[in-house]
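Descriptive analysis of the structure
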Amino acid sequence: RERWVDTMIQEEHGLALSGPNPLSAASATFVAFLVVGAIPLLPFFFDEFVTELARPFLWSAILTALAFVGVGAAKGITLGGRIWRSAGETLAVGGLAASAAWIVGYVLRGIADAT
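Residues numbered from 1 in each chain as written. Predicted model: local features only at pLDDT ≥ 70, side-chain atom pairs only at ≥ 80, totals over all residues. Heavy atoms only, no water.

**Focus: the overall build of the chain**
Which entries qualify depends on this criterion: Segments assigned H or I by DSSP are reported as helices when at least four residues long, segments assigned E as strands when at least two residues long, and all are numbered from the N terminus. Computation of the radius of gyration draws on C-alpha atoms, with the globule rule given as 2.2 Å multiplied by the number of residues to the power 0.38. Accessible area is worked out with a 1.4 Å probe on protein chains only. A residue is then buried under 20% of its type maximum, exposed over 50%, and partly exposed in between.
When you go through the chain residue by residue, the secondary structure sums to six helices and zero strands. Relative to the globule expectation of 13 Å for 115 residues, the C-alpha radius of gyration of the chain, 20 Å, shows a markedly less compact shape. When the backbone C-alpha atoms are referred to their principal axes, the chain occupies close to 65 × 35 × 25 Å. A burial count over the chain gives 10% of its 115 residues as buried.

Structure representation (structure tokens):
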């Protein structure tokens, strides 16, 4: 019975019997989070420490959108889906999340000043 279940998992569903090494997966996720998470900050870093940059917020939004498209395309390639659809979905979800975070920060901006 166990061999039959293993065969069904592998052959019919295309799943591996064992997952990735948890430490490797966590390390890769952490590094990816640091690299992609730094992208929105790069224009502000550049503006502050290298040379004055016109409209760093606009540059941050553009670079972040490109990062979302890149992550979505990589997801589509890795999972074998439609690359542009995956890129668009990731851009839409990431854009909504970033917009929501900006709105919350804007609404709550007075709290930091009050303390």
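Past the structure itself, the notes keep going.
**Observations concerning the packing of helix 3 (residues 42–49) against helix 4 (residues 56–79)**
What counts here: Axis definition: a line fitted to C-alpha atoms, limited for helices to the stretch in contact. Angles are taken between N-to-C directions and run from 0 to 180 degrees. The contact rule is simple, with two residues in contact once any of their heavy atoms fall within 4.5 Å.
Running from amino to carboxyl end, helix 3 crosses helix 4 at an angle of 145°, the nearest separation of the two axes being 8 Å. Seen from helix 3, the contacting residues are P43, F44 and D47; seen from helix 4, they are P56, F57, W59, S60 and L63.

**Thoughts on the packing of aromatic side chains**
Worth spelling out the cut-off: Put simply, two rings from Phe, Tyr or Trp (the six-membered ring, in Trp's case) pair if the centres are within 6.5 Å, and we call them stacked under 30 degrees between planes, edge-to-face over 60, tilted for the rest. Ring-over charges, as used throughout, are those where CZ of Arg or NZ of Lys falls within 6 Å of the ring centre and within 35 degrees of the ring normal.
Under the counting rule described, the total for this entry stands at two aromatic pairs. Plain terms: the ring middles of F45 and F49 are 4.9 Å apart, the flat faces sit at 50° to each other, and that makes the pair tilted. Taken together, the residues span about one helical turn, with F45 and F49 both in helix 3 at a distance of four residues. On the basis of relative accessibility, which here comes to 47%, the residue F45 falls in the partly exposed class. Seen in terms of ring centroids, W102 and Y106 are 5.3 Å apart; in terms of plane orientation they differ by 15°. Their pairing is stacked. Of this pair, W102 and Y106 are both found in helix 5 (residues 83–107), four residues apart, which corresponds to roughly one turn of the helix. With a relative accessible area of 48%, W102 lands in the partly exposed category. Looking at Y106, the relative accessible area reads 45%, which means it is partly exposed. Cation over ring: R109 sits above Y106, and NZ or CZ is 4.1 Å from the ring centre.

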